[in-house]
Every structure is written in C-alpha cells, then in structure tokens.
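Topology and contacts: notes
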Amino acid sequence: MDSINLISDNYQYFLNLAYTITQCHDLKNDLVNNAYLKLQEILSRKPDLQLNLRYVYMTMKSIHIDQKRKKRETATSTEFFVTQVQEEDQTLEERIDLSECLDNMPFVHREVLLKSVEGGMMDLHRETQVPYFRIRTIRKEAFEMLKEEVSNNF
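From a predicted model like this one, the values you see are computed outputs, not experimental measurements. (Residues numbered from 1 in each chain as written. Predicted model: local features only at pLDDT ≥ 70, side-chain atom pairs only at ≥ 80, totals over all residues. Heavy atoms only, no water.)

Here we look at the overall build of the chain
The following threshold applies: Put simply, DSSP H or I for four residues or longer makes a helix, DSSP E for two residues or longer makes a strand, and each gets a number counted from the N terminus. Throughout this description, buried means an accessible area under 20% of the type-specific maximum (1.4 Å probe, protein chains only), exposed means over 50%, and partly exposed covers the range between. By definition, residues are in contact when any of their heavy atoms lie within 4.5 Å. Every accessible area reported is derived by Shrake-Rupley at a probe size of 1.4 Å, with residue values counting cover from the shown protein chains alone.
In terms of regular secondary structure, the chain is built from 7 helices and 0 strands. Starting at the N terminus and ending at the C terminus, the chain contains elements arranged as α-α-α-α-α-α-α. Counting only residues that meet the buried cut, the chain has 23% of its 154 residues in that class. A fraction of 56% describes how many contacts in the chain between residues 6 or more apart in sequence connect residues 24 or more apart. Working note: accessible area of the chain is about 11300 Å², and carbon and sulfur atoms make up 53% of it.

A look at the side chain of His-109
Stated formally: Two N or O atoms form a polar contact when they lie within 3.5 Å of each other; inside protein one atom must be a possible hydrogen donor and the other a possible acceptor, and for residues adjacent in sequence the pair counts only when both atoms belong to side chains.
Topologically, His-109 is positioned in helix 5 (residues 107-119). Residue class for His-109 comes out buried when judged on its relative accessible area of 13%. Only 2.8 Å separates the side chain of His-109 from the side chain of Glu-141, close enough to count as a polar contact. Dropping the residues within four chain positions of it, His-109 is found in contact with Ile-138, Glu-141, Ala-142 and Met-145.

Re the pattern of salt bridges
How we decide: We count a salt bridge whenever a side-chain nitrogen from Lys or Arg sits within 4 Å of a carboxyl oxygen from Asp or Glu.
By the definition in use, this model includes 4 salt bridges. Notably, a salt bridge pairs Asp-66 with Arg-69, separated by 3.6 Å at the nearest N-O pair. Placement of both Asp-66 and Arg-69 in helix 4 (residues 53-103) is noted, with a separation of 3 residues, approximately one turn of the helix. The partly exposed category is assigned to Asp-66, whose relative accessible area is 39%.

Looking at the environment of Leu-31
For Leu-31, the location among the structural elements is in helix 3 (residues 25-45). Counting along the chain gives 32 residues from Leu-31 to Ile-63, while the straight-line C-alpha distance between them is 7.4 Å.

Describing unusual backbone geometry
The backbone of Gln-23 shows a phi angle near 60 degrees, a positive value even though the residue is not glycine. Mapped onto the secondary structure, Gln-23 falls in the loop between helix 2 (11-22) and helix 3. Although it is not a glycine, Gln-129 adopts a positive phi angle of roughly 65 degrees. Tracing the backbone shows Gln-129 in the loop between helix 6 (121-128) and helix 7 (132-153).

Observations concerning a positive patch on the surface
Note the following rule: Patch definition: residues above 30% relative accessible area lacking any salt bridge, with like charges linked at up to 9 Å and the nonpolar side chains Val, Leu, Ile, Met, Phe, Trp and Tyr linked at up to 5 Å. Charge assignment in this entry is limited to Lys and Arg as positive and Asp and Glu as negative, and neither His nor the chain termini are counted. Charge positions come from single atoms, namely NZ of Lys, CZ of Arg, CG of Asp or CD of Glu.
On the surface, a cluster of positive charge is made up of Lys-61, Lys-68, Lys-71 and Arg-72. Its place among the elements puts Arg-72 in helix 4. Classification of Arg-72 by relative accessible area gives exposed; the value is 53%.

Some remarks on the side chain of His-64
When you line up the elements, His-64 lands in helix 4. Look past the residues within four positions of His-64 in its chain and what remains in contact with it is Ile-21, Thr-22 and Leu-31.

What follows is the structure, given as structure tokens:
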C-alpha cells in the first residue's frame, strides 16, 4: 500500500483513533493533521519507508503526549514564575518593614547591629576601639529591641 494513500484512504479510521487518544472532538482533527505533517516530513527524509496503521497510530500517540508535556511544562513554569514574584514581593515588604523598625532604633544600637552583621564584632572592636564586651552588650540589646519592634508591628 502506498504510504501517502494509507492516510487518505483511512482518514475516518484515523479520526476515530485520534478521538480515542484525545477524548476530544475538537482536538482529533488537529492530531490527525499534525500526524499527517509529521509523516510527510519522515517520508521526505526516508522515501522507501513503508507505513502501516500501527506506525501511524504510534505517531499520533507520541504527538499527543508531546503536546501534553509542553502544555504541562508551560503551566508549571508560569506557576513557578508567579510564585517567585509573590515571594519576592513578600520579601520586599518584609525588608521595608524591617527597615522601618531599624529607623526607630537608637543610632548607636542600629550601627552596632548593622556593622557587626557586616564584618563581625571583633572587626568593629578593632575599628572603633570600643571594648568587645560593650559591643556585644549593645548588639544583644539591639536584637532585643528589634524583636520587640517586629513583634509589635506584625
């Protein structure tokens, strides 16, 4: 049987097969047409290939599975992007709120807290010549103030 004529002679049969694969009357025509294009492409590369009904069915099934995968990947990546944006918005709001809490803190406490987080308390001690014990005490007080401020605001 001629490979091209196989599809045209059994078009209704392939529509029924496509419906069993997709379970949708709208998609069955698209699936048969996509399979026809795919088979044309294959036959242009391998003209001596003899198609049979099973080969056409497997081609339609693989096209349908590929379409479902692409649709699922697109949905998943879109959901990931939306989730990522929501998390970044939430993080930004938390940073703004934390910045407001730091602004309400006394200058010395805020500076000791920020500088000790950046470079460590020993670096701050060497830089300012303030006793390490005093820096540690101020830092601890700053953390307590920050915790209290955050718990009051949230």
